[in-house]
Structure formats: C-alpha cells, structure tokens
Amino acid sequence: MSRVPRRMYDVTARRDCQHPRGEPVNAGKSAPVAAKAAAIDAAQARPLTWKTVLKRALAVAVAGAALYLVLPKLIAVLGAWPRLSTLNPVWFTVCLAAELVSFTCNFALQRLALRTKDWFSVVTAGLTGNAVTDTLPGGSAAGAAVQFRMLTTAGFDTDTAVGGLTAFSLLEVGGLLALPIFALPAILAGVPVSRGLVHTALLGIAAFVLYAIFGVIVLRTDWPLATLGRVAQSLWNRITRGHRPPVTGLDQRLLAERDTIRAVLGGNWRQAALLTAGRLGFDYGCLLAALRATGASPQPSLVLLAYAAAGIVALFPLTPGGLGIVEASLSGLLILAGVRAGYAVLATLAYRIASYWLPLLSGLPAYLLFRRRYGRPAPRRATPGEAGSTT
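(A) Summary view of the pattern of salt bridges. Taken as a whole, this structure holds two salt bridges when the rule is applied. The salt bridge involving Arg230 is made with Asp251; its shortest N-O contact spans 3.5 Å. Residue Arg230 is located in helix H8 (residues 223-239), and its partner Asp251 is located in helix H9 (residues 250-294); the two are separated by 21 residues in the primary sequence. Exposure remark for Arg230: the relative accessible area of 45% places this residue in the partly exposed category. Among the ionic pairs, Glu327 bridges to Arg352, the shortest N-O distance being 2.9 Å. Here Glu327 is found in helix H11 (residues 325-336), whereas its partner Arg352 is found in helix H12 (residues 341-361), with 25 residues between them in sequence. Owing to a relative accessible area of 1%, Glu327 belongs among the buried residues under this scheme.

(B) Spotlight on the confidence of the model for the chain. Confidence in the prediction for the chain averages 78 pLDDT; 80% of positions are at 70 or higher. Taken together, the stretch residues 4-38 has pLDDT below 50 and engages in 97 contacts with residues farther than four places along the chain or on a different chain. With pLDDT under 50 throughout, residues 381-391 is counted as low confidence; its partners more than four residues away or in other chains account for 20 contacts.

(C) Highlighting the side chain of Thr348. By the secondary structure assignment, Thr348 is in helix H12. When near neighbours in sequence (up to four residues on either side) are disregarded, Thr348 contacts Val77, Glu327, Leu330, Ser331 and Leu334.

Cut-offs used in this document
Residues numbered from 1 in each chain as written. Predicted model: local features only at pLDDT ≥ 70, side-chain atom pairs only at ≥ 80, totals over all residues. Heavy atoms only, no water. Salt bridge = Lys/Arg side-chain N within 4 Å of Asp/Glu carboxyl O. Helix = DSSP H or I, 4+ residues; strand = E, 2+ residues; numbered from the N terminus. Buried < 20%, exposed > 50% of the residue type's maximum accessible area, 1.4 Å probe, protein only. pLDDT = per-residue confidence, 0-100. Contact = heavy atoms within 4.5 Å.

So, in structure tokens, the structure goes:
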C-alpha cells in the first residue's frame, strides 16, 4: 500500500562521471557511503552461500505462510472483479488520477534526492524497481538494486542519494503515523466510531509523538546513536567471535549517516515535506474516490483512520507488495469505518488496481523504454579507492 522508499543498494555511475546537472560524481561523497559501496561490490562478487540460500528460502516461506493466512480475504477481494463494471466511471477516473499524482510526488522526491531535473530515467527506473519489489518475496533489496543499476546506467551518482532517500523515507513514515491526528477532531465531536478504530487512532498518535521526540533527540544530540552503535557493535562482536572479523567504528558510522540525513533535511525539508504530504494525501484521495465509485459515502475521517492503519501494516513486507495483507487489513478496517462489506471489498479492489496492479504492469514497458534509450543496465564496478575505505 505504502510506497515508502526502501533501503537502496547503490551502484556507481559510469557515464561521463558527472551528475546530469554537471556536478562531479564524487563531490561530497562521505567515507561511510564509499565503504558501503565497496561492501556491496564484495557481496555481489561473492558466490552464493548456504546462508544466502537459507535466507531467501526463509523469505519465500514467510511470504507463503502469510498469503495462506489471508488467502480467503484475498480471494474475496479478487472475486469482486466482475463487479468493477458497476463502478461510477467518473469517480473511478478520479481514483486513477489521484494515484497518478501520488506516484508523481513520489518520483519528485527521488528527483530531489538525486539532485536532477530529469524525469525519464527516474520514472522508468522507479517503475521497474517497484515491479521487481512487488513481484518477488522479500524483493525490496532486489528491486532497489535494479533501480539503482538503471540510474547508474543513466549517468547518476546514486551513492550520494542514499542519505536523501533515507531522510525522505523517514519523513514519510512520520507522516503516516501523524494521519490519525487529523481524525481526532471528528472523534472528539462525537462521530460514531468503532472502538477498534479509536484504539488505532490513539496508538497512531502515541506512536507519532514518540517518533517525533526520538527524531528530535537523535538529530540534535550524539549520545543516543553513539551508545546504540557501541552496544550493537559489542553484541555483534561477541556473537560472531571466532567466526568473523570484529566490527569497529559502528558508532561513528551511525553519526556520519545521521549528519548526512540532517544536511539533506536542512536544505530541502520544506519541499520534501510538501511532496510527502502530496504523496500520502493523493493516495488517500484515491481510496476515497474508489469508495465513492462504489456508491458508498463514509465519513472521510474514519476512512483516514482505516487508511493509516492499513498503511502501517503495509510497512512490514511479509508478502510481495503487501499482496493479501493489504487486501485483508484494508477491507476489514473499512468495514469498521462503517462501509458495507460489499462496498468495502469492491473499493479495496479498485484502490489496489490503481496503486498496485497498474504500476506493477507498467514495470516491463518502463524497462523496455529505458533500454531503448540507454541500453542494458550494467552491474556495478568498484571505483578505485573504495575498496580500501574504512571508518
């Protein structure tokens, strides 16, 4: 449901050694980012081990188990397909348009992180990576790798975008947690609300307050991250003693990444906040329009609570693209919001067509268009000096 930017596996630009706007590729690259890039190079060159195979098998098993648990609800939602012809065509068009604007805001955030005005490569790489992520169990890493490999082929230095994408993803998580606050006036005004949704609102507000407090502390002081880094480093070294080389300097790496995020937010936080609000707002508008297309007219504030709760559930990628998980949670939450069961199931299907199925199907055409302009994306090659980076 929610397209929160995921952890990106960066790849190095190989064309012209410049940003599309003309800046040197290595300008401003921090040692931690270079070290991370070198580590990724080594991981890509390393043959498959039994641990890697086991991890991938576990991801498939978890996805399969999750799909099995929600299969009845998924079948119920997909079974509403013949009833799509009963949707109001005007409202369904509004639903599709709202999701298009939401995706546009998402790609604009990526342009901001990549510091470019180009749309073609950002959109085609984003749609392709999204399709891979939404197809494979545990596909976030694979989708991010594909997306960054394509951006590299297009001439971007994606190493420098990691901090920006991380900062914007944190903003989006905060925005999602803050959504129940906007439904609070309706609840206080006495609008009839299911007890389950009231609990959801209170939990969401409490989570947002804690998230905001923690964010301010981490951005303004060094000791929480430094302490966390030292504790995690000590624990990891104790567990892996005799099997792997000891990890050093984790506290400093965490602080350096924090400083990168703080620098990105300091320069672009207004624009990033506006685009994040647009991405969430139009995605929510897509759901509202889907409900209106079925003929339902629920309280928008209650739908907002259902949307926020389903979005938080979707942050945990147990299945590809939240398939089945989103259908089960969203349709059930809409029923709690006062929507008739038949309308809730049909609206969920219409919403997922706009936010999941159509973007998924656009992945292959986007990749073919990209290849026609840039050729086949090439794997990352280590740049001189990266392999020896430490810190």
